[in-house]
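# Survey of secondary and tertiary structure
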Amino acid sequence: MTQLGASGLVLNEKLLFEHSDPGRKGYSLSALDVPEASLPDELCRDEISGFPELSEVDVVRHFTRLSTWNYGVDSGFYPLGSCTMKYNPKVNEVAARMPGLVDVHPATPQHLTQGTLGLMYHLQEALAEISGFAAVTVQPAAGAHGELAGMLTIRAWHEARGNARSKVLIPDTAHGTNPATASLAGYDVVPIASNGGVLSVAEVEAHMDDDVAALMVTNPNTLGLFETNIEEICKVVHERGGLVYCDGANLNALMGIARPGDMGIDVMHFNLHKTFSTPHGGGGPGSGPVGVVAELIPFLPKPFVVQDGDDYRLDDDRPQSIGRLLAFNGNFGIMLRAYAYIRSMGAAGLRHASEIAVLNANYIRARLEGTYDLPYKNRSLHEVVFSDKDLEGGCHTLDVAKRLIDYGYHPPTIYFPLVVRGAIMIEPTETESQEILDEFCEAMIAIAGEARDNPDLLHDAPQLPRVRRLDETTAARKPKLKWKEG
Ligand SMILES: *Cc1c(COP(=O)(O)O)cnc(C)c1O
């Protein structure tokens, strides 16, 4: 029977079965328990209709032309704060395309996938070493997915002690996904205020009671600042029986220098696609491993990659686990790149990458302070947040972002974090040279001058790219999702 998937892919079960070797379980669809005629006949199309017919040459030219309209880290400076546009060594891409790694089906029996399981295991170990946690799972498929895994783990730990709690404290400098995650995990979110850009012990103490399951803190926070009171804050939370969750997406400012596990934090997720290379954007792809202290290990998602003598295996026998979060075992291509990155950089290289990320952000802070309002003066870590308060000519953050496109740059993150009105959040990649940072800063300074002398240059920007300024409201409310009507 021939079935057409949503992608138009012709899936011929008979062919698949004929080509698979019945003696080697795990290579055929039968190993996935897909019954032979799994789709009712009336749902299966007989033929593909209405597909455009184009020659290969036309298709190649179409996509090649479109690709030249794109802007990415390989085209130029990409200072998108919070998203960490990391250096992505090309050798990682070579590793990620190796046929022996790309062609492994997730249902392949474990004795045939010792190499990939071993890589996952050693990545878990490397991340545990870098972060100071007792164990790390690599299952979650994004940062926010890691947050959910971590918060459900916290929930399971409390419940196993017969002590279900209902609240999670979240500072105003947290990433936007944090309150969404806490709420999805069934908690009431209690927002708490930062003071001078960081969280104070007194603020946590004032909100900490016996119904608080956890404090969920982004560190370094979304202002690009290190939470200097974190050790004492962890003590306060622990004294009242709570746990501390750290959003570790910004670990690229700390790796090789300080370990969240040593600061008293109980659970943290990593963003492999930010801190440990992998090109990303537009919502994916991602990988969000989670590290925990020893007491929380039994509750982590299953299966969990373990080492048994010389063998690696997926341990499913974990009665207290929060269960599976994915059909399979995580986003392997990203784990592979992260592993290649960690091994090729080594301990000293990782530390150097953090140091340069921090240096670059501070360089931009120092060069633009005075031209742009800097609401928090503390030394930056990996990113720096300005505001549009001092801009003249009725110009705002959006105008600066659009004008930067005319200067050939990808705009920074804007209007986030919410604690800064008109935020301009700049995160320079650690591999950018001083020349590039200078050129970018000079463009930013020139734009502030244009706002004063000729503000329409900003209001009408961008002038140069193929797409001029969008009507952002209509684009958000009535998006055109089809390339052609009908
Ligand atoms: C990117 C980011 C997240 C979310 O990660 P995704 O992989 O996009 O789900 C969470 N917290 C912080 C601080 C981030 O920068």
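From a predicted model like this one, the values you see are computed outputs, not experimental measurements. Sequence order as written defines residue numbering, which begins from 1 separately in each chain. Predicted model: local features are reported for residues with pLDDT of at least 70 only, side-chain atom pairs are reported and counted for 80 or more only, and whole-chain, interface and lining totals are derived from all residues. To obtain the side-chain values, all non-hydrogen atoms of the structure were included, while hydrogens and water were left out.

### Topic: the sheet that holds strand S13 (residues 413–414)
Strand-to-strand pairing in sheets goes through backbone hydrogen bonds, with the strands running parallel or antiparallel. Here three strands make up an open sheet; going across it, the order is S12-S14-S13 and the pairing antiparallel. Both edges of this open sheet fall to strand S12 (384–386) and S13, since each of them pairs with a single strand only. The sheet contact formed by S13 and strand S14 (residues 424–426) spans two bridges and is antiparallel. Residue Thr 413 lies in a different strand from S14, and its bridge partner there is Met 425. Contact criterion: two residues are considered in contact whenever any of their non-hydrogen atoms come within 4.5 Å of each other. Between N-to-C directions, angles cover 0 to 180 degrees, with each direction set by a line fitted to C-alpha atoms, over the stretch in contact for helices. Per the convention used, a helix needs a DSSP run of H or I reaching at least four residues, while a strand needs a run of E reaching at least two, with both numbered from the N terminus. Each of S12 and S14 touches helix H11 (residues 332–368); the most contacted strand, S12, lies at about 25° to it. Pairing between strands is defined by DSSP: at least two bridges between them are needed.

### A word on the nonpolar core
Here is a general trend for soluble globular proteins: nonpolar side chains tend to be buried in one another's company. Definition used in this section: a nonpolar core is a set of buried Ala, Val, Leu, Ile, Met, Phe, Trp, Tyr and Cys residues joined via side-chain atoms within 4.5 Å. Here's how the labels work: a residue is buried when its accessible area is under 20% of the maximum for its type, exposed when over 50%, partly exposed in between, all with a 1.4 Å probe on protein chains only. With 55 residues, the main nonpolar core has Leu 123, Leu 127, Leu 215, Leu 272 and Phe 276 as its most contacted residues. Those residues within four positions of Leu 123 in sequence are excluded, and the remaining contacts are Val 138, Leu 272, Met 335, Ala 338, Tyr 339 and Ile 342.

### Digging into the pairing of strand S11 (residues 311–315)
Relative to S11, strand S10 (residues 304–308) runs antiparallel, the two being bridged by five bridges. Residue pairing for S11: Val 305 is matched across the bridge by Leu 314. With antiparallel pairing between neighbouring strands as the criterion, S10 and S11 make up a hairpin whose turn holds two residues, including Gly 309 at a positive phi of roughly 60°.

### Re the site of the ligand
It suffices for a single heavy atom of a residue to lie within 4 Å of a molecule or strand for the residue to be listed as near it. Close contacts around the ligand come from 14 residues, with Ser 82, Gly 143, Asp 247, His 273 and Lys 274 the closest. Whenever a nitrogen or oxygen atom comes within 3.5 Å of another N or O atom, the pair is scored as a polar contact, on the condition that within protein one atom can donate a hydrogen and the other can accept it, and that pairs from neighbouring residues in sequence are kept only if both atoms are in side chains. Separating an oxygen atom of the ligand from a backbone N or O atom of Ala 144 is a distance of 2.8 Å. Within the side chain of Asp 247, a nitrogen or oxygen atom sits 2.5 Å from a nitrogen atom of the ligand. For every accessible area listed, the method is Shrake-Rupley and the probe measures 1.4 Å; residues are considered covered only by the protein chains on display. In isolation the ligand offers 380 Å² of accessible surface; the protein chains occlude 85% of this area. Mapped onto the shell around the ligand, the elements with two or more residues apiece are helix H6 (143–160) and helix H10 (272–275).

### Section: unusual backbone geometry
The omega angle of the peptide bond from Lys 302 to Pro 303 is -5°, so this bond is cis rather than trans. Residue placement: Pro 303 occurs in the loop between strand S9 (290–292) and S10. A cis amide bond links Ala 461 with the next residue in sequence, Pro 462, at an omega value of 0°. Its location among the elements puts Pro 462 in the loop between helix H14 (456–459) and helix H15 (472–477).

### Focus: the layout of surface pockets
A 1.4 Å probe that fits into a set of points on a 1 Å grid over the protein atoms alone but cannot get out defines a cavity; an open set with protein on both sides within 12 Å along at least five of seven lines defines a pocket, and lining residues are those with an atom within 4 Å of a point. Grid points are joined across faces, edges and corners, and a volume is the space filled by probe spheres set on the points. In this model, the largest pocket occupies a volume close to 960 Å³. Around the largest pocket, the lining comprises 25 residues; the ones closest to its centre are Tyr 71, Ile 405, His 410, Pro 411 and Pro 465. No other element matches the four residues that helix H12 (residues 397–406) contributes to the lining of the largest pocket. The classification used treats Ala, Val, Leu, Ile, Met, Phe, Trp, Tyr, Cys and Pro as nonpolar, Asp, Glu, Lys and Arg as charged, and all other residues, Gly among them, as polar. Of the residues assigned to the lining of the largest pocket, the class counts are 16 nonpolar, four polar and five charged. The space that makes up the second largest pocket amounts to roughly 430 Å³. Lining the second largest pocket are 22 residues; nearest its centre among them are Val 104, His 105, Pro 106, Thr 116 and Phe 332. Put simply, the parts of the chain that give the lining of the second largest pocket at least two residues each are helix H4 (99–102), helix H5 (114–131) and H11. Partitioned by chemical class, the residues of the lining of the second largest pocket number 14 nonpolar, eight polar and no charged.

### Thoughts on the environment of Leu 169
Topologically, Leu 169 is positioned in strand S4 (residues 167–171). Between the C-alpha atom of Leu 169 and that of Thr 413, which follows or precedes it by 244 residues, the distance is 25 Å. When residues no more than four places from it in sequence are discounted, the contact partners of Leu 169 are Val 190, Ile 192, Val 204, His 207, Met 208, Val 212, Ala 214, Leu 215 and Met 216.

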